Amino acid sequence: MKCVSYNIQFGFGEDARFDLERIVQRLHGADVIALQEVTRNSPANEHRDLVADIRAMLPEYFAVYGPNFEAEVASRIENGRAIDVRLQFGNMILSKTPILVSRNILLPRTRSYDKVNLQRGALEAVIDTPFGATRFYSVHLDHRGADERLRQIDFLMERLISYPVEGGGVTGICEMGYAEPPVPEGYVLMGDFNMLPGSREYTAVTGRPDHEFGTPMVARYAVDAALLPNGDTRPTCVNLGDPKDASLHKRLDYCFVHPTLVSRVKSVSVDFDAVGSDHKPVWIELA
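Residues numbered from 1 in each chain as written. Predicted model: local features only at pLDDT ≥ 70, side-chain atom pairs only at ≥ 80, totals over all residues. Heavy atoms only, no water.

Enquirer: Any details on the overall build of the protein? Residues and values, ideally.
Expert: Of the regular secondary structure elements, the protein holds four helices and 14 strands. A compact globule built from 287 residues would reach a C-alpha radius of gyration of about 19 Å, and the protein, at 19 Å, matches this within 12%. If you line up the protein on its principal axes, its C-alpha atoms span 70 × 60 × 40 Å. Counting over 287 residues, the protein shows a buried share of 51%. Of the accessible surface of the protein, which amounts to about 13,500 Å², a share of 51% is contributed by carbon and sulfur atoms. (Helix = DSSP H or I, 4+ residues; strand = E, 2+ residues; numbered from the N terminus. Rg over C-alpha atoms; globule rule 2.2 N^0.38 Å. Buried < 20%, exposed > 50% of the residue type's maximum accessible area, 1.4 Å probe, protein only. Areas by Shrake-Rupley, 256 points an atom, 1.4 Å probe, with all protein chains shown as cover.)

This is the structure in structure tokens:
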């Protein structure tokens, strides 16, 4: 199966032009899609409902959306009725097969005074795959500070590790006559982490390599799939000030997998030809 992660930057490309169709065109062929910076009612893109627009363009996919916050932008009274118009900003997961259970995990944040600091999140979806139920995550971490990202990663990794104990979004619904959702150990962690390879935040996900034995493959850490055979470690984010200057490009988007899924990773690739966002889609194929 093929999965792809893409930060779509509100729908704006390297040329600063809004064009959702060229973004969606780069997603065709995926079994699971993880998107970041998906908005509703943003003044930046004329209050478009990107969730509805994307679903209309990909009608064959099941989908969940996790808004990390809502903020008043243009609510009003019309003909005696209250019309809610609130900005939503979050992550989205689409799947060719039904999503069994999902939840939106809100990550720690700190109040800022001079620069924007958005609530970040990790959208979790349990999806049945040819190799059994698997957890998929669409993640977007803070873009301004390593300390904030580190707190967010520590919190997120604890949720990943504790999943068999916490049980995800819901448990015990057999009492209500519904099938009990699976509690899978394996996961695929995708998204815009806003961190560089080898940074403190990165090693909080993967563990630090040993001087003799390399990076451990243990239950506490995830594996950077791009470092496996047939991986792709090219940059995933361009500098919009000068998109053609390769020295300014950075690898900020990742596909991490649980150690039990390493043997299933067939390839990882960066779609560097995509120009629908300042980020590039990152694909992972699982055999």
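Enquirer: Now, about the sheet that holds strand S9 (residues 132–140): what can you tell me, with residues and values included?
Expert: Backbone-to-backbone hydrogen bonds pair the strands of a sheet. The strands run either parallel or antiparallel. Spatially, six strands are ordered S7-S8-S9-S10-S12-S11 in an open sheet, and the strand pairing comes out mixed. Two strands bound the open sheet, and with one partner strand each, they are strand S7 (99–106) and strand S11 (223–224). Two elements, S7 and strand S8 (residues 121–129), share seven bridges in a ladder whose sense is antiparallel. Bridging across to S8, Ser-102 finds its partner in Ala-125. (Pairing = 2+ DSSP bridges.)

Enquirer: Break down unusual backbone geometry for me, with residues and values.
Expert: Here the phi dihedral of Ala-16 falls at roughly 65°; this positive angle occurs in a residue that is not glycine. Mapped onto the elements, Ala-16 comes out in the loop between strand S1 (2–7) and helix H1 (20–25). On the accessibility criterion, Ala-16 (62% relative accessible area) is exposed.

Enquirer: Describe the environment of Asp-128, and please don't skip the residues or the numbers.
Expert: In this structure, Asp-128 sits in strand S8. When the C-alpha atoms of Asp-128 and Thr-97 are compared, they prove to be 7.1 Å apart, with 31 residues separating the residues in sequence. Sequence-distant contacts of Asp-128, defined by excluding residues within four places in its chain, comprise Thr-97, Pro-98, Leu-100 and Ala-133. (Contact = heavy atoms within 4.5 Å.)

Enquirer: Got a sec to walk through the pattern of salt bridges? Specific residues and values, please.
Expert: One pass over the full model with this rule turns up 19 salt bridges. The salt bridge partner of Arg-17 is Asp-19, with a shortest N-O separation of 3.3 Å. Judged by its relative accessible area of 42%, Arg-17 falls in the partly exposed class. For Arg-200, the salt bridge identified is with Asp-147, shortest N-O distance 2.7 Å. Taken as a pair, Arg-200 in helix H4 (residues 200–206) and Asp-147 in helix H3 (residues 146–166) lie far apart in primary sequence, 53 residues in all. On the basis of relative accessible area, Arg-200 is assigned to the partly exposed category, the value being 48%. Each of the salt bridges in this network shares a partner with another, and the network as a whole consists of Asp-15, Arg-17, Asp-19 and Arg-22. (Salt bridge = Lys/Arg side-chain N within 4 Å of Asp/Glu carboxyl O.)

Enquirer: How would you sum up the packing of aromatic side chains? Please name residues and give values.
Expert: Enumeration according to the criterion identifies nine aromatic pairs in this entry. An angle of 85° between the planes, with centres 5.9 Å apart, marks the rings of Phe-193 and Tyr-254 as edge-to-face. Of this pair, Phe-193 sits in the loop between strand S10 (187–192) and H4 while Tyr-254 sits in strand S12 (residues 253–257); the two residues are 61 residues apart in sequence, bridging distant segments of the chain. A relative accessible area of 1% places Phe-193 in the buried class. The class for Tyr-254 is buried, based on a relative accessible area of 1%. Plain terms: the ring middles of Phe-193 and Phe-256 are 5.2 Å apart, the flat faces sit at 85° to each other, and that makes the pair edge-to-face. Highlighted residues: Phe-193 in the loop between S10 and H4 and Phe-256 in strand S12, separated in sequence by 63 residues. (Phe/Tyr/Trp six-rings, centres within 6.5 Å; stacked < 30°, edge-to-face > 60°.)

Enquirer: I'd like a rundown of the nonpolar core, residues and numbers included.
Expert: Counting 27 residues, the largest nonpolar core has Cys-3, Val-32, Phe-136, Met-190, Val-257, Val-265 and Ile-284 as the members making the most contacts within it. When residues of this core are traced back to their parent elements, those giving at least two are strand S2 (32–40), S8, S10, S12, strand S13 (265–270) and strand S14 (282–286). In this structure, Val-265 is in contact with Ala-225, Leu-228, Val-257, Ile-284, Glu-285 and Leu-286, ignoring residues within four places of it in sequence. Of all hydrophobic cores here, the second largest spans 24 residues; its members include Val-101, Ala-122, Leu-150 and Tyr-187. (Core = buried A, V, L, I, M, F, W, Y, C linked by side-chain atoms within 4.5 Å.)

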